[in-house]
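# Chains, contacts and geometry: an overview
For reference, the chains in residue letters:
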Amino acid sequence: MPAWLTHPLGWRSAPIPWTAVLRGALSAGPLLALGLLTGHLSQAVLAGLGAMLAGVNDRPGTRRTGVVHIGLPAVGGALGLLCGGLLADGGSRWAAVPALFVVGWLSGALSVTGPVWSAAAMQCLVTASIGAGMPIPGPAWLKAVCYLGGAAWLLLLRFLLRAPRHLLRRGARREGEREAVAAVFDALADALLALGCSGAEPARRRLVAAQHRADESLRLMRLLPFPGRREGRGSAQAYRITERFAAATALCEAGIALLWEGRPLPRHVAEAPRLLAAAVRADSAPGALASPVSDTVQRGAFDRALLAAAVTFDRTALRGTPVRPVPPEPREPGEPTRATRPVRPPRPSPNTRGLRRALKELTARGSLRALGRVFAPARRENALRVALCVAASTAVALSLHQTHWYWLPATAAFLVKPDLGPLFSRVVNRVAGTATGVLVFTVLTLAMAGLGGLWWLVAVVVAGGALIPVATRHFGFQTAVVTLLVLSFVYALGDTEATAARLLDTALACGIVLLVGHLPHLTDPRVRVGHRFAVALRRTERYLRYVLDAPETAPTTSAGAPGTESTDGTAGTAPVAPRGGDATGIALRYAAYRALSEARAAAETAAAELPGPHRAHRHDWLAVMARAERIVDAATVCAVRVEQGVPRPTATEARWVTEALAATADALEGGRGTPMPTLPPVPKDCRSLRDVMTELHGIQSLTTVT
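Residues numbered from 1 in each chain as written. Predicted model: local features only at pLDDT ≥ 70, side-chain atom pairs only at ≥ 80, totals over all residues. Heavy atoms only, no water.

Moving on, we get to helix α28 (residues 687-703). Across its 17 residues, α28 extends 24 Å between first and last C-alpha, which sits within 8% of the 24 Å expected from 1.5 Å per residue. Here α28 has its buried residues at Ser 688, Leu 689, Val 692, Met 693, Glu 695, Leu 696, Gly 698, Ile 699, Gln 700 and Thr 703. (Helix = DSSP H or I, 4+ residues; strand = E, 2+ residues; numbered from the N terminus. Expected span 1.5 Å × (residues − 1). Buried < 20%, exposed > 50% of the residue type's maximum accessible area, 1.4 Å probe, protein only.)

The following block contains the structure:
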């Protein structure tokens, strides 16, 4: 069966997050109960709405990641509710059509930036529709504050309610960061065990995803210190976790080189990272690890990284505060050197002072080009699609309803969000989920009609909030739960006839989104998916250029100190350390792999889309994805081999490869009418760069329209 037909039935399996279920049950329900007790029902409904949408973004991770993943979309939702409330207070109903067109345009353009910004943009658009179309008494600013208060209540629950096993462990306040680092070592062990098997590629993707989660957790640990606690560099626990993640980073880089080589490892060697994972969780040393057998450059890099990790773990094992480096005191010539505490060499971690240099490297070159890409084809296409869908839905809703016309544009805003899956799958699941939610709520209304009062709605909202963390695994299930909760909220506000009209509004919104979503100039998958691949190739080019542009030598003194003259007045030279493993190189490599994971999501969505007007020009984006992954892996291997002393590629070969990556990215960004560039010759002396050029030729053949 075709993928577009089977995708609506897909279900993501995972363990039930019981702590998130408890948070969901305690989020919107108590707020609604408080509103019923105090008589401030409209404010309670808005707070419950904020808690509900915050629960949709309540995903696994540390408490600090929750601040970003929940807090930023909540701020966007409050801003949208403020704009919608001001629009409703203006008095002109039809002014909502151009206003929501503008909000939709900005939301669609911002959605291309990344998943967190996409969630914020979607919440802003949805709440703008609700604020303009739902008659709720009160000033606009108060509505926004109530909405933000509901999201803040869920964030507070996330801080207070934690898994019981975390409360019993020593150093439990950083249990999330420690678990994220341990998961990196576990994923590396799984990837090494899969060497030479068909599961090597999926295992590598899981390894990269685990690295991204750990990197984000540790960056937020440094950037978001909790009040009243010694966080960041001043904390022994934070120091230990950061050091061990730096060791994991170096080990994973060498592990990717082994995956590129493809030679299976002995089981006791592949299982060595699990000992490190257990040591991270127990705050201890890992014990004896596998003996080195450095028969290839890649295996030698792995053995050295494993040895360095063992030394780091032994030094940072929980035996007291780690030793800090002490600079040598100035002394007169001839004065004997006094004993000092050992000086720790600088660590190549992205969570150090080198992070500022890494961010500068990521944004300095090409920053003007990035600013000019604000209206790039992918952003323009997505922005126009979202704006047209929401504006058309608003016009139809205003024609059909005098009040409570928010449902139709809000439904269109949910449907047009591209990272929720293929469009046809979203439409099918939206209709089925809305029908299920309406049916369940109708049955509950008939069953509870004899009780009187509205307290039974509190039980419905508590049950629905508890289901949200599980419902996010399937769009149809999530739609049914959200529909049940929203109908409960509007029923509490007095709109008791909403159920039947919501089915019609949902069907109309689905028809509008399907029509606009398949317009000839708004559905070119090369624009939508090619943009993601272009970002990945550009970031790979920056990483590779940074690794290969380092000079071969630097001036030294006779004692080897860089940058000064020797005793005879001449400057000496010494090899410069490779730059792929420093903070900037690590940040650039992470950026490339992060863009690659976003490109994979876009490619999988495009592969399951309903065939549209560009069917004759559809590309095999999953095959393009496989080649792009091998390009980033080959760039990582090139950095590893240079670090191990393999001669650098010539400047000419390095320039050929980096320019080819940039030119291919520009062609993919330009859309279907942009021709592919002519690629330079394939390097002959560097196997990893040769692989990069070979895969670029393959991408050209897959994306060239004949």
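From this point, the discussion proceeds with the structure in view.
This part takes up the packing of aromatic side chains. Any aromatic ring pair is given by two values, namely how distant the centres are and how the planes are angled relative to each other. Inspection of the entire model under this criterion finds 7 aromatic pairs. Measuring from ring centre to ring centre gives 6.1 Å for Phe 441 and Trp 456, while their planes differ by 35°; the resulting arrangement is tilted. In this pair, Phe 441 sits in helix α20 (residues 423-448) while Trp 456 sits in helix α21 (residues 455-471), placing the two residues 15 residues apart along the sequence. By the ring-pair criterion, three or more aromatic residues cluster together here, those being Phe 441, Trp 456 and Tyr 491. The lysine or arginine in question, Arg 687, covers the ring of Trp 260, its NZ or CZ lying 4.2 Å from the ring centre. (Phe/Tyr/Trp six-rings, centres within 6.5 Å; stacked < 30°, edge-to-face > 60°. Lys NZ or Arg CZ within 6 Å of the ring centre and 35° of its normal.)

Next up on the list: the packing of helix α27 (residues 651-670) against α28. Between α27 and α28, the least distance of the axes is 10 Å, while the angle of their chain directions is 20°. Compared by their axis directions, α27 and α28 come out roughly parallel. Read as a crossing pair, α27 and α28 show a hand that is left-handed. Contacts from Val 657, Ala 660, Leu 661, Thr 664 and Leu 668 in α27 reach Leu 689, Val 692, Met 693, Leu 696, Ile 699 and Thr 703 in α28. Classifying every residue of the contact of α27 with α28 by side-chain character gives 9 nonpolar, 2 polar and no charged. (Axes fitted to C-alpha atoms, helices over the stretch in contact; angles between N-to-C directions. Parallel < 35°, antiparallel > 145°, perpendicular 65-115°, else oblique. Left-handed = near helix turned anticlockwise from the far one by under 90°. Contact = heavy atoms within 4.5 Å. Nonpolar A, V, L, I, M, F, W, Y, C, P; charged D, E, K, R; others polar.)

Turning next to the nonpolar core. Ranked by size, the top nonpolar core spans 95 residues in total, and within it Phe 185 and Phe 533 carry the most contacts. Here Phe 185 is in contact with Arg 244, Ala 248, Leu 251, Pro 273, Leu 276, Ala 277, Val 280 and Phe 313, once residues within four sequence places are set aside. Residues Ala 28, Ala 96, Leu 423 and Tyr 491 belong to the second largest nonpolar core, which totals 72 residues. (Core = buried A, V, L, I, M, F, W, Y, C linked by side-chain atoms within 4.5 Å.)

A few words on a nonpolar patch on the surface. A cluster of nonpolar side chains, contributed by Leu 388, Leu 515 and Leu 519, occupies part of the molecular surface with about 250 Å² of accessible area. You can see Leu 388 is positioned in helix α18 (residues 377-400). Residue Leu 388 is classed as partly exposed on the basis of its relative accessible area, which comes to 31%. (Patch = residues over 30% accessible without salt bridge, like charges linked within 9 Å, V, L, I, M, F, W, Y side chains within 5 Å. Areas by Shrake-Rupley, 256 points an atom, 1.4 Å probe, with all protein chains shown as cover. Salt bridge = Lys/Arg side-chain N within 4 Å of Asp/Glu carboxyl O.)

A few words on the side chain of Thr 658. Inspection of the secondary structure puts Thr 658 in helix α27. Judged by relative accessible area, which is 9%, Thr 658 ranks as buried. With near-sequence residues (within four places) excluded, Thr 658 lies in contact with Glu 541 and Arg 545.

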